[in-house]
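Survey of secondary and tertiary structure
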Number of protein chains: 2
Amino acid sequence: MKCVVTGGAGFIGSNLVDCLLARGDQVIAYDNLVSGFREFLTDASKHSAFEFVEGDVGDVDLLARTFRGVDMVFHFAANADVRFGTNHPEKDLKQNTIATFNVLEAMRRNAVKRIAFSSTSSVYGEARIIPTPEDAPFPIQTSLYAASKLAGEGLITAYCEGFGFQSWIFRFVSILGARYTHGHVFDFVNKLRANPQELHILGNGLQTKSYMDVSDCVGAILTAVERGKDKVNIFNLGTGDACTVNQSVGWICERLGLAPKLTYSGGERGWIGDIPVIQLDASRVRKLGWQPKYGIRDSVVRTVDWLTANTWALEARK
Amino acid sequence: MKCVVTGGAGFIGSNLVDCLLARGDQVIAYDNLVSGFREFLTDASKHSAFEFVEGDVGDVDLLARTFRGVDMVFHFAANADVRFGTNHPEKDLKQNTIATFNVLEAMRRNAVKRIAFSSTSSVYGEARIIPTPEDAPFPIQTSLYAASKLAGEGLITAYCEGFGFQSWIFRFVSILGARYTHGHVFDFVNKLRANPQELHILGNGLQTKSYMDVSDCVGAILTAVERGKDKVNIFNLGTGDACTVNQSVGWICERLGLAPKLTYSGGERGWIGDIPVIQLDASRVRKLGWQPKYGIRDSVVRTVDWLTANTWALEARK
């Protein structure tokens, strides 16, 4: 299969590129290198079946040229910053909603009809049902990021009905592991490098979140695309477990051999639009025969280890 | 209260303008007159409390100038063409999703924080639960129109959380009545004027749809905005009933005194993305004390009468 991974130099995208190459696919990584890193494609670049296109998902013509003769698009390019949406509301609209439209139009020009999409558990908003299944009650959006991903889902499914596309939509929990370059583990490790004596935590530390190792995430994606046969295939991707911010902080500090004083901003939410409890019902994807290799604690520890071994990534994001 | 109605020269918008003026509000109708009509604002224009701004919802600066000193925005401007979305996918994205973003940003610039929004029953897709309540299972979009309205809902609710907005979101069934200028009654009356002997129907005639008279629709909106006190207030707007296309055709022909031969394109769906059964659970808005004055048959007949008395509108849309 010949496929394109938008955001292919990013955290999840580059891990996916490696797995697709390993299973024998031809892979084009499409990335504007704004938040992705060429370094993440070092291994991929050694493959003859790999190609890199430096481009923006705002450029529908370049997308269309890139999609010529392609079997499937994994659309993983996105502004993945949930927290700072209110600082620049246009960013989520442009880089997520409109970008997804561009990808779909570029596919349509080339009669490419299969798309996998990185959505988010945040589309459930403050879910009434925990763990949250894919057919949870019609949600209310609480962040511009989630709203932009929901809009992307809507566009993709409308293209499935209107233009005969087939889609695999993944609602991720927060992903951790190798090449992880933003999010709470990244922030905490960075802060502890600057000051190992004290760590400030947004919220009361009791926010309950779910995490999954990127290797499990990519494994689940490939299983779902292989085995999900519907016109629209929607999957929660998570281990099914959750932990508090305090638990996660404990594991990070233990791994780093630190015992900082913890201070809290207080409140149930760490920031505007923060969701106090995220825990997904992941039984649908498990029914396809997939199961995670790593628990949440494992993936936090693996992330700390990767960041410790790759301090250049911590420096690059400062 | 000083308010703006975007799409104020449109079908529902102009009816809303009249009601807001009648209850003593200051009203600015904002419309680009592409699908709206100046004629619909003839009565409104006699009021000293009325103002018309000819403008497009793509023009965020004009929106922002128009919103100065305003208390509330009724955002009703839209591409309301469900059926032809696949002919020009960009239209729904621009005129609905991006336009809603523009309206929200123009509000934010002026610290206007109250918004009512015309969404659609189509956001439920092919609902599993009929009649469909507001908290139906997470839907899958089947038209670009519905996807663009869902994206609008997501943006609005994210602004409620992120910027302290308050919103009233209305998921309409198809609205009928005075100033109705597109949709199945319009099409059938038009076709029967051209050929009273024969009427071609898209689908098998058994599609089951819901309709509401525009006077009831506007009454429900004003009740809901007055009495809905939550940060996000979402209401289905319909009578709660439904009828088949064949029933509706029967009422139209009877009112026109015609007995055409009926032919059918066949199939459960009249066009790509058509939803075979739309019937909403409207109990939430009824609990606020509102109830409809007109049944579905009444509103079909009233629409036929209005079109018969206003053939200029039939001509103008040809």
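Residues numbered from 1 in each chain as written. Chains lettered and ligands numbered in written order. Predicted model: local features only at pLDDT ≥ 70, side-chain atom pairs only at ≥ 80, totals over all residues.

**Examining the interface of chain B and chain A**
- On the side of chain A, 31 residues touch chain B, which itself brings 31 residues to the contact.
- Elements that contribute at least two residues to the side of chain B that touches chain A include exactly helix H3 (89-109) and helix H4 (144-163) of chain B.
- Of the residues belonging to the side of chain B that touches chain A, the class tally is 17 nonpolar, 10 polar and four charged. (Contact = placed C-beta atoms within 7 Å. Helix = DSSP H or I, 4+ residues; strand = E, 2+ residues; numbered from the N terminus. Nonpolar A, V, L, I, M, F, W, Y, C, P; charged D, E, K, R; others polar.)

**Digging into the sheet that holds strand E11 (residues 232-237) of chain B**
Residue and element names in this part refer to chain B.
- Read across the open sheet, the seven strands follow the order E3-E2-E1-E4-E5-E6-E11; overall the sheet is parallel. The open sheet is flanked by strand E3 (50-54) and E11, the only strands paired with a single partner. Within this sheet the neighbouring strands show an average axis-to-axis angle of 15°, counted without direction.
- Examined bridge by bridge, strand E4 (residues 72-75) and strand E5 (residues 114-120) share three bridges and lie parallel to one another. Bridging from a neighbouring strand, His75 pairs with Phe117 of E5.
- Across the face of the sheet, helix H1 (residues 11-22) comes into contact with strand E1 (2-6), strand E2 (26-31), E3, E4 and E5 while running at roughly 165° to E2. (Pairing = 2+ DSSP bridges. Axes fitted to C-alpha atoms, helices over the stretch in contact; angles between N-to-C directions.)

**A short note on the relation of the copies chain B and chain A**
- In the superposition of chain B on chain A (RMSD 0.0 Å, axial shift 0.0 Å), the rotation amounts to 180°. When the rotation and shift are considered jointly, the pair of chain copies conforms to a two-fold rotation axis.
- With an isologous cut-off of 70% or more, the 100% of interface residues of chain B that recur at the interface of chain A puts this contact in the isologous class. (Least-squares fit on C-alpha atoms with pLDDT ≥ 70 in both.)

**So, the domain arrangement of chain A**
All names here are of chain A.
- As far as domains go, chain A holds domain 1 (2-175 + 213-237) and domain 2 (176-210 + 241-279 + 294-316).
- A separation of 25 Å is found between the C-alpha centroids of domain 1 and domain 2.
- Residue-level contacts link 24 residues of domain 1 with 22 residues of domain 2.
- Breaking the side of domain 1 that touches domain 2 down by element, the ones donating at least two residues are helix H1 (11-22), strand E7 (174-176) and helix H6 (214-227).
- Grouping the amino acids of the side of domain 1 that touches domain 2 by side-chain chemistry returns eight nonpolar, 12 polar and four charged. (Domains from an automatic or database assignment.)

**Things to note about unusual backbone geometry**
Residue and element names in this part refer to chain A.
- Between Ile130 and the following residue, Pro131, the backbone shows a cis peptide bond with an omega angle of -10°.
- One non-glycine residue with positive phi stands out, namely Ala111, at about 55°.
- The topology assignment puts Ala111 in the loop between helix H3 (89-109) and strand E5 (114-120).
- Ala111 sits in the exposed class, given 10 other C-beta atoms within 10 Å. (Buried ≥ 20, exposed ≤ 12 C-beta atoms within 10 Å, placed from the backbone.)

**With respect to the environment of Cys160 of chain A**
Residues and elements named next belong to chain A.
- Residue placement: Cys160 occurs in helix H4 (residues 144-163).
- When the C-alpha positions of Cys160 and Lys113 are compared, they lie 8.3 Å apart, and in sequence the two are 47 residues distant.
- Other than its neighbours up to four places away in sequence, Cys160 contacts Phe165, Gln166, Ser167, Lys231 and Val232.

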